[in-house]
Amino acid sequence: MKKVVIHKPGGYHRLVIETHRDPAPGPGEVLIDVAAIGVNYADCVTRMGLYASAKHYIGYPITPGFEISGTVQTTGSAVTDLAPGTAVMAVTRFNAYATRVVVKRSQVMPLPPALSAEAAAGFPAVALTAWYALFELAHPRDGETMLVHSAAGGVGSMLVQLGKLADCRVIGVVGSAHKVDAVRALGAAAVIDKSSRDLWKQVEQLAPAGCDIILDANGVSTLKQSYRHLAPMGRLVVYGFHSMLATHGGMPRKLKLALDYWRTPRFSPFDMTTRNRSVLGFNLSFLFEQSERLDRGLQQLLEWLEQGKLVAPRITTYPLDRVADAHRDLESGQTIGKLVLVV
Ligand SMILES: NC(=O)c1ccc[n+]([C@@H]2O[C@H](COP(=O)([O-])OP(=O)(O)OC[C@H]3O[C@@H](n4cnc5c(N)ncnc54)[C@H](OP(=O)(O)O)[C@@H]3O)[C@@H](O)[C@H]2O)c1
């Protein structure tokens, strides 16, 4: 089997494709012949050596990746309900960038009829992230105004749709003009292109009383203003910090990183209490043990998919040996939807 190994954190050249012995499934595990692999921004952060759960659970060398689709090659003992050849998708905490992957049976599900193998590989991580942020943390109510930063991206495009499903009025924010139509097509009531218009003036015009929910993975570039633009009882969900990182070059700039770290707002419990504003945060890769909760989320998401209430993100595919290009493009901040590696 082939896998992408990052021996040391660094730039794109650290994504090395190596040949290894096929892994063997242990009891309760499944060996999957991989067809497609989802690329997440977290994979880029892992390559740079800045992803906390990568260091916590694996260290370096590491094979990144959280999600795959493919077919069952063989199963370990105690797995009796998945025949070889069954088309499946699966989630895994790292190790997904490979042509053969072993995962626990509980992390494998049959390929949903509504999804191609490529779309399935790009679905679970962003869909579950958006579901958790919205339904487990923000608890949307009918008619609430919800602001989604980076609304054309993988997680963002799911958040826009889930916000609509929860009967919220969704305002999407994008960083480039070419993304506006994609977010409108997902059902956003309004889309702000912050590259050509003042973001917060637009937000004040569209939501004069403030936003009830704001979903922010930019970090330092918007967090302070996101908090300021919450309505009373508003919830700010923080789930990423991508604006600390460079959009080209593949390496973090140390000085910028340090400055941005110090500039990132620390929210005051006194202010939160007086103004009735909440700040919530999470990282799904530290929540793998919450399998009952995440299974419930995934089942709900797949049901919406089957019912046509939800569509998988738009997919752009790259052959596995162009993994560096996929990282470069995702880091550029110009992509729409999800990037997927095909084997
Ligand atoms: N906490 C969790 O469990 C969890 C799980 C999954 C993802 N995430 C986070 O969610 C965010 C979105 O992830 P994704 O995989 O779906 O990526 P994505 O949204 O498809 O791509 C990242 C987007 O962020 C924006 N961006 C702003 N500044 C950027 C910068 N300096 N570098 C690169 N992009 C920048 C760009 O959109 P605009 O310019 O249009 O804003 C870009 O398209 C990431 O921050 C990721 O770490 C968190």
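**Q** Looking at this model, I keep getting lost on the packing of aromatic side chains. Mind explaining?
**A** Working definition: an aromatic ring pair is given by the centre-to-centre distance plus the angle between the planes. Summed over the entire model, instances satisfying the criterion amount to nine aromatic pairs. Aromatic side chains Y132 and F282 sit 5.0 Å apart centroid to centroid with 40 degrees between the ring planes, which places their arrangement in the tilted category. A residue pair is termed long-range when its members are at least 10 positions apart, and Y132 in helix 4 (residues 124–138) and F282 in the loop between strand 13 (278–281) and helix 11 (291–306) qualify at 150 residues. Judged by relative accessible area, which is 9%, Y132 ranks as buried. A ring pair is formed by F135 and W304, whose centres lie 5.7 Å apart and whose planes are at 45 degrees; its orientation type is tilted. Residue F135 is located in helix 4, and its partner W304 is located in helix 11; the two are separated by 169 residues in the primary sequence.

**Q** Explanation requested: unusual backbone geometry in the structure shown.
**A** Backbone geometry follows two general trends: most residues other than glycine have a negative phi, and most peptide bonds adopt the trans configuration. A cis geometry characterises the amide bond from Y60 onward to P61, with omega recorded as 10 degrees. Residue position: P61 is located in the loop between helix 2 (52–57) and strand 4 (67–75). Of note in the backbone geometry, S150 takes a positive phi value of approximately 50 degrees without being a glycine. Within the fold, S150 resides in the loop between strand 8 (145–148) and helix 5 (154–165). Its identity as a non-glycine residue notwithstanding, D167 has a phi of 60 degrees, on the positive side. Mapping D167 onto the fold places it in the loop between helix 5 and strand 9 (169–174).

Analysis parameters
Residues numbered from 1 in each chain as written. Predicted model: local features only at pLDDT ≥ 70, side-chain atom pairs only at ≥ 80, totals over all residues. Heavy atoms only, no water. Phe/Tyr/Trp six-rings, centres within 6.5 Å; stacked < 30°, edge-to-face > 60°. Helix = DSSP H or I, 4+ residues; strand = E, 2+ residues; numbered from the N terminus. Buried < 20%, exposed > 50% of the residue type's maximum accessible area, 1.4 Å probe, protein only.

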